[in-house]
Each structure stands twice: as structure tokens, then as C-alpha cells.
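Residue strings, one per chain:
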Amino acid sequence: MAQKRYNNQNGSDPGSPLLILSVAIIILVLVSFAPLSKISGGKLKDYNLLADLSDKPAEIVVNTETYIDPDLLEMTQNFAEEDLAENVDSVPLDIVMIDAIEDSAANEVNNVQEQTSEPEPVHTFAPISRNPDESQIQVDEPEQLRPVIPTGNGQIEDYTPNGTGFKNLKRALSNGQLARIAVIGDSYIEGDIFTQDVREKLQELYSGGGVGYVPASSSLTGFRQSVTQSCSGWKEFDFRKAGKNYPTLQGFYYSPAAEGMALTTYKGSKRKSHAAEWDRSRVLFIAPTDLTINVSTDNGDESFNIEGSEEVQQILVNGNTSKFKISASNSSLIVLGVYLDKSVGIAVDNMSIRGYSGIKHSTISPDLAAQMRRFVDYDIIVVEYGTNALSSVQKDYSAYIKMMERAINNIRQCYPNADILVMGIGDRGEKAGTEIRSMPVVTTLVESQRNMARRLGVLFWDTRAAMGGENSVVDWARTGHVNKDYIHLSGKGGERLSRLFVESLNNSLND
């Protein structure tokens, strides 16, 4: 029996699935070109048909409106009442603040840092003589300000009155003593990103070894490459919060929990050159009551019976070692920091505080710092903050900069022997339709940071210019040097940025 077919006169079926599919595809193509996010005020996401049809998964872009430091919001509310400066017409950050998201640096913990090729060699340091009585001063009068000298190529800009911004670091290197650098900052350097490679390169140039400062306890034990750390039984204190408080440069301090023994073991790392061993292991602490601290190195175990005092004390263990262990059970003990160094060369300390803008460093204690300086002092302090003050809708950063000036002046009071280098924020991306581009206000904040350094008479390094300037974050993300949040450095990005920084630093030292 023959099968019947029903067709219209031209042979096409008005309900044909092929026709319906064709119309649907045309509609989707048209929608792909429509800026839905902009039209809807962010309520609708932009649609990309080609990305959906591709076998390659679409690139995930984290919301780049990052976490804003709550302390900054609170202090900004009181800014006008305190009358910090004249002619400040800034919009309070709490007014323009949009919904905060979790700091995307936490995602970095799951990333594996990649090894990169050997960096190009940089010049060695040639000692020069400087007047040991020279000192940095704050410059207040406009006629005393050095002219703005942005290089545009990532070279360090020296705004000190006499152009002697590296005098303390040069003096330490010239005298053959241990030169010490602190890098204080936010999640941009968390987990020793960037600083571990700065340390490695500087120690290759000027000798040295060890990882420098390490906290008594850390949540990044599985992430950090420059040291292997295991810890238990410690309670962490944040200097920004009320209560028991020892405000220091590093921001955190630790006590044994009320019950049981607190224990931390540090082991040298072979993943970074010069980090496998050191010859000087130190613990800085405050012991209000008599107590015992136990330590262990490759050379044996030792117990120290500490006499109670409100002053900062030190345990120093000399001798080449690849491990250091500390344990204690008295909850009155305050561990301020552990320092694992060679006795000569350069030490670089990483001190990062996630989600922090830097402003509470105006509250660190000069008296406590003076006590700590008897054992650990600095020749240069690099100040890396700003990411947690940046918002795409904030156009004026006068209030934040004034608070940072207060913080840096306090750091100078706490560490008068240290040169100060302000590190401008790196390039940062934002989503514009289906594209990623540099956030326009990054330029505003960088210029504000540069002018702050000029007014204070300190050093400045334009991180963004060193990266390549406008839209450099897009290129760095494409090559895996910046994470897909378009803010934070990856492991190999930290190495790349450190190469640029060390070259600029070394050029300045030889200038």
C-alpha cells in the first residue's frame, strides 16, 4: 500500500522545524549584539551565541566590584567632622558603595603556581657613599615639593627632598650588614605572591637566605611556596579589632589557645632558591607571666624559661638549619612574629592583610615598634595598598589618600630608619558588555597615590605602568599572569612583576 504525503503547492510545510529553528537562530544572533546588561542596569546578563555554541567553555569573569575595607567606610563617615584637610570635596565611600563581595583572592588558594623561565640578569649593586645624618622629612610647603616625574616605564620615582630615597638600604648593603625590606599590603601579595620572587632575586644578587617573617599560624599552609608550615593550637588576633591589642606593622599576633599545646613547624622550601635553609631563627614575643617556650632546629631541641615582662623579648637560635619548631602552652604568651634569615645579605618580609586598605596603620604603636626594632628593624618599607578602596563609581579618593598619609606618617615615626616606597595599584579590569577593559578609575587612584608620595617626600613605583598601562591587565590575564578576577596576580604573574620591580630597584640603587 502506497504511503501518502501531504504537501502544499510549493512543497514546503509552514510548520517546518527547520524554518522555526532558522528564525530562532536569527533572533539569538540579534540578541547577542544587544548590550542587555547596560540596557537593564545590570539586571540582565549579556548573551553571546557563539560562546554558547563553542566547545570551549566561556571565560568566567568574577565581579570586579571587589570588597571595600569596612574600616575605610566607617572612617570616611567621620572624615568631615575630623577636618583632616582643607578643600576636600570627596563623595563618602559608604554612599557610592555597592554590594560587597567576598575577596576574590581566596580563589587563588586553589591555583597551582607555575614555574617560569630564568629571568634576564640585572645589574649588580655598586656601593656609594651617603651622608649618614641625612633623614627623610615630610614636605608640607608647595615650593619644596619635587616636580612630578612619572616615567611611564615602571622606573621608581624619587620624591625625597634631596633625591636620596634609598639611602638607608644603600647604607646597609654598603656596610655588609643584613639589609631588611618589609612589604606590607593586601591580598595582592597574599601567600607571598610577588614578594617571594622579589626575595629570591635580591638574594641572588646580594646574598642572603631564608623566608624572613612568618606568622605563628597561617591559613595558607598549602598554598605558599616559599616555606612549608604546619600549625595547630593557636588563636589569631587582628590589630584592627577591639579588645586585647598589640598593634604592629604585620597586623596579626598569636597566643596559645586556652587548652592544650600550640605548635608550629617551619621547613625550608626547595621550590624557591635560597629558601631551603637559614642560619638565624628568632621569635619575637611578649610574655606577661613566667612561662616556657620550646624550640627545635636541625641541631637539637631547647627549652627557654622566660621571665615575665610586658616588654618585647627575643629567642635567638644560631646555626644552619632547614627547619624550626616552636611550641608553648601558656595562653598569656603573645607571639609577634618568627624570623628565619641568613645573618648577611637581604631579607624580605611579606606582611599581607586580606581585604584591608591600609588606613589602620595610623594606629600601630610607636612604643611597641621601638621595642621590636631592638631586634628587627627595616631599611625600606614597601606600602602596597589601594585595591580595597577602589570602586568603579568612586571618582575622588581625597579622603582615602588623607587617611593613608596619616598611616604612612605613623609608619615613619615607628620606623625612622626605613626608607618608604609607595607601590601604586596594578591595572584592574572590569566588564564592559562582553569585553574586559581597564577600569577607568584606576588611573585616578594611581595619580592620587603618586601625588601622595610627592607630598610626603617618599619613593613611588607605578605598578600599572610597569605592567604596560592601559588594558595591560587583559594581556596579563590572557597569558595566565593575572587571575580571571582581573585583579590578583597568579604565581607566574608574581614572578613577572617581581622581575620588573627588582630591575627598577637595582637601577635606582646604581643611580
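We now turn to the structure provided with this report. (Residues numbered from 1 in each chain as written. Predicted model: local features only at pLDDT ≥ 70, side-chain atom pairs only at ≥ 80, totals over all residues. Heavy atoms only, no water.)

**Digging into the sheet that holds strand β2 (residues 179-185)**
Read from one edge of the open sheet, six strands run β1-β19-β16-β15-β2-β14, paired in mixed fashion. Taken across any chain shown, the strands that pair with only one partner, and hence form the sheet edges, are β1 (157-158) and β14 (346-352). Looking at chain direction, β2 and strand β15 (residues 380-384) are connected through five bridges and run parallel. Bridged to Ile-184 within β15 is Val-383. Sheet strands touched by helix α7 (residues 167-174): β2, β14, β15 and β16 (419-423). Its angle to β2, the strand with the most contacts, is close to 145°. Lying over the sheet, helix α8 (residues 195-206) contacts β2 and β14, oriented at roughly 175° with respect to β14. (Pairing = 2+ DSSP bridges. Helix = DSSP H or I, 4+ residues; strand = E, 2+ residues; numbered from the N terminus. Contact = heavy atoms within 4.5 Å. Axes fitted to C-alpha atoms, helices over the stretch in contact; angles between N-to-C directions.)

**A few points about the environment of Lys-402**
Within the element layout of this structure, Lys-402 appears in helix α10 (residues 398-414). Spatially, the C-alpha atom of Lys-402 lies 8.3 Å from that of Met-452, the residues being 50 residues apart in sequence.

**Topic: the sheet that holds strand β12 (residues 323-328)**
What the five strands build is an open sheet, ordered β4-β7-β12-β9-β10; its pairing is antiparallel. Edge positions in the open sheet fall to β4 (227-232) and β10 (300-306), since each of these has one partner strand only. Pairs of neighbouring strands in the sheet enclose a mean axial angle of 15°, with direction left out of account. Both strand β7 (residues 262-268) and β12 contribute to a ladder of six bridges, which runs antiparallel.

**Observations concerning the layout of surface pockets**
Its boundaries defined by the atoms lining it, the second largest pocket holds a volume of some 490 Å³. Along the wall of the second largest pocket there are 23 residues; nearest its centre are Ser-218, Ser-219, Leu-220, Phe-252 and Ser-352. The set of elements that each furnish at least two residues to the lining of the second largest pocket consists of β4, β6 (252-256) and β14. A total of three residues in the lining of the second largest pocket trace back to one element, the largest contributor, which is β14. (1 Å grid on protein atoms, 1.4 Å probe; cavity = no way out; pocket = protein on both sides within 12 Å on 5 of 7 lines; lining within 4 Å. Points joined across faces, edges and corners; volume = space filled by probe spheres on them.)

**Remarks on the side chain of Asp-419**
Its place among the elements puts Asp-419 in strand β16. Taking the relative accessible area as the measure of exposure, Asp-419 reaches 0% and is therefore buried. At a separation of 2.8 Å, a polar atom in the side chain of Asp-419 contacts the side chain of Asn-168. Reaching out from Asp-419, the side chain makes a polar contact with the backbone nitrogen of Leu-169 at a distance of 3.3 Å. (Buried < 20%, exposed > 50% of the residue type's maximum accessible area, 1.4 Å probe, protein only. Polar contact = N/O pair within 3.5 Å; in protein donor to acceptor, adjacent residues only side chain to side chain.)

**What to know about the packing of aromatic side chains**
For the coordinates displayed, the defined rule picks out eight aromatic pairs. Centroid distance Phe-194 to Phe-501: 5.6 Å. Interplanar angle 70°. Geometry classified as edge-to-face. With Phe-194 in the loop between β2 and α8 and Phe-501 in helix α14 (residues 491-509), this pair connects stretches of sequence that are 307 residues apart. Both residues of the pair, Phe-194 and Phe-501, count as buried. Both rings, one in Phe-239 and one in Tyr-356, keep their centres 6.1 Å apart while their planes meet at 90°; by these two values the pair is edge-to-face. Linking Phe-239 in the loop between β5 (234-238) and β6 with Tyr-356 in the loop between β14 and α9 (366-373), this pair joins segments that are 117 residues apart in sequence. An aromatic cluster is defined as three or more aromatic residues linked by ring pairs; in this entry it consists of Phe-194, Trp-461 and Phe-501. (Phe/Tyr/Trp six-rings, centres within 6.5 Å; stacked < 30°, edge-to-face > 60°.)

**Let's talk about α14**
Compared with an ideal rise of 1.5 Å per residue, which puts 19 residues at 27 Å, α14 spans 27 Å between its outermost C-alpha atoms and is within 8% of the ideal. Judged by how many residues are buried, α14 sits mostly within the fold: 14 of 19 residues are covered. (Expected span 1.5 Å × (residues − 1).)

**Some remarks on the packing of α8 against α14**
Across the interface, α8 lies against α14 with an axial gap of 8 Å and an inter-helix angle of 40°. As summarised for this structure, α8 and α14 are arranged oblique, according to the angle between their axes. Crossing of α8 over α14 shows right-handed handedness. Contacts from Asp-197, Val-198, Lys-201, Leu-202, Leu-205 and Tyr-206 in α8 reach Gly-491, Gly-494, Glu-495, Ser-498, Arg-499, Phe-501, Val-502, Leu-505, Asn-506 and Leu-509 in α14. Here the residues of the contact of α8 with α14 are counted per class, giving eight nonpolar, four polar and four charged. (Parallel < 35°, antiparallel > 145°, perpendicular 65-115°, else oblique. Left-handed = near helix turned anticlockwise from the far one by under 90°. Nonpolar A, V, L, I, M, F, W, Y, C, P; charged D, E, K, R; others polar.)

**A short note on the pairing of strand β8 (residues 278-287)**
Along β8, nine of the ten residues are buried, which leaves the element largely enclosed by surrounding structure. Alignment of β8 against strand β13 (residues 334-341), held across seven bridges, turns out to be antiparallel. Its bridge partner lying in β13, Ile-286 is registered against Ile-334.

**Remarks on the side chain of Glu-405**
Its location among the elements puts Glu-405 in helix α10. In contact with Glu-405, not counting residues within four places along its chain, are Met-452, Arg-455 and Leu-456.

**Digging into unusual backbone geometry**
In the Ramachandran plot, His-274 falls in the positive-phi region, its phi being about 70° despite a non-glycine side chain. For His-274, a relative accessible area of 30% translates into the label partly exposed. A positive phi angle, close to 65°, is found at Asn-471, a residue other than glycine. Structurally, the position occupied by Asn-471 is in the loop between α12 (463-467) and α13 (472-478).

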